[in-house]
Amino acid sequence: MVDGKCLIIIQDLRDTFQDSQSLLQAARENLLTQEVLELEVSKRTAEIRDREQEIAGRLVYAAGYRDEETGAHIRRIGLYAGVIAKALGWSPLAVDDIQAAAPMHDIGKIGIPDSILKKPGRLTKDEFRIMKGHAKIGAQILGGSDIAMIQMAAEIAGSHHEFWNGRGYPNGLSGDAIPQSARIVAIVDVYDALVHKRVYKAAMTEDETIDLMEHIVGIQFDPHIFQVFIDNLPAMRTIRSEVLDLSLIHISEPTR
């Protein structure tokens with residue numbers, strides 16, 4: 001009030017309102033641009049992951065021409081390893097990596113002579129010494145990459161025969177010095193090999209397999225990871241029942 005009279009003050013807000021509208025519009029456009037960029041990054045990331053998966057598949061496919069392992073065994077190893085890695089709290093990307101990398105664990109066998117690799121009976125000491133060389137060969141084949149999944153494949157190939165107590169090969173690593181990825185694959189590889197028939201052995205029951213494996217926990221296997229494996233046996237059984245295809249990993253035929 002001024003001198004007893006009520007006054008109405010009207011402020012021209014057009015400029016302020018227009019400025020606010022401009023700011024809001026800019027913010028909306030910025031958000032839309034960010035969403036588009038994020039979608040593009042997600043798309044590119046998926047494409048990269050697909051290429052990495054194909055690289056892994058083709059390497060395993062090539063090794064399969066030399067080895068008697070079935071495609072089903074190779075695929076199961078990746079799936080088993082993914083289950084354990086997830087249970088251990090690995091990130092989704094790392095779980096994807098080990099699922100793709102684990103099937104390459106024996107890729108070094110491509111450098112082992114057929115007379116040894118395909119021998120149906122027990123290997124002699126000299127033959128076994130040569131066979132053990134597949135770990136170093138695999139690490140060399142896969143080594144030196146800047147792709148995280150291939151790096152993991154290299155450490156698995158080179159270390160999945162190391163023992164928890166340090167008496168494995170090729171480097172005599174022990175305990176936590178063995179990459180966790182290799183410790184995971186060491187367990188699931190033995191499990192799958194024992195419960196399935198091979199040219200040199202009959203299949204064991206799961207109970208027999210677990211009993212045998214329990215006797216080498218703390219010797220060959222990481223006790224904590226083995227317990228996680230035991231806790232997830234139902235998932236392992238599901239994988240065994242679903243992955244029965246005896247062909248190698250399917251890769252499209254190259255165009256002529």
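Up top is the structure.
Residues numbered from 1 in each chain as written. Predicted model: local features only at pLDDT ≥ 70, side-chain atom pairs only at ≥ 80, totals over all residues. Heavy atoms only, no water.

Participant: Can you lay out helix α7 (residues 148-159) for me, pointing to particular residues and giving the numbers?
Facilitator: The end-to-end C-alpha separation of α7 is 16 Å, in line with the 16 Å expected for 12 residues at 1.5 Å each. Listed in full, the buried residues belonging to α7 are M149, I150, M152, A153, A154, I156, A157, G158 and S159. (Helix = DSSP H or I, 4+ residues; strand = E, 2+ residues; numbered from the N terminus. Expected span 1.5 Å × (residues − 1). Buried < 20%, exposed > 50% of the residue type's maximum accessible area, 1.4 Å probe, protein only.)

Participant: An account of helix α6 (residues 134-142) is requested, with residue identities and associated values reported.
Facilitator: Of all the positions in α6, only H134, A135, G138 and L142 are classed as buried. Seen along its axis, α6 keeps its buried residues to an arc of 105°; they face one direction. G144, located one to two residues past α6, shows a positive phi value of around 85°. (Arc of directions from axis to C-beta.)

Participant: Hey, could you go over the pattern of salt bridges for me, with residue numbers and the actual values?
Facilitator: Enumeration over the complete set of coordinates arrives at seven salt bridges. With a shortest N-O distance of 2.7 Å, E127 and K119 are connected by a salt bridge. Judged by its relative accessible area of 18%, E127 falls in the buried class. Judged by its relative accessible area of 25%, K119 is partly exposed. Residue E206 is joined to R240 by a salt bridge in which the shortest nitrogen-to-oxygen separation is 3.2 Å. Here R240 lies in helix α11 (residues 233-242) and E206 lies in helix α9 (residues 206-214), a separation of 34 residues in the sequence. Given a relative accessible area of 14%, E206 falls into the buried group. The network of salt bridges with common partners includes D176, R183 and D222. (Salt bridge = Lys/Arg side-chain N within 4 Å of Asp/Glu carboxyl O.)

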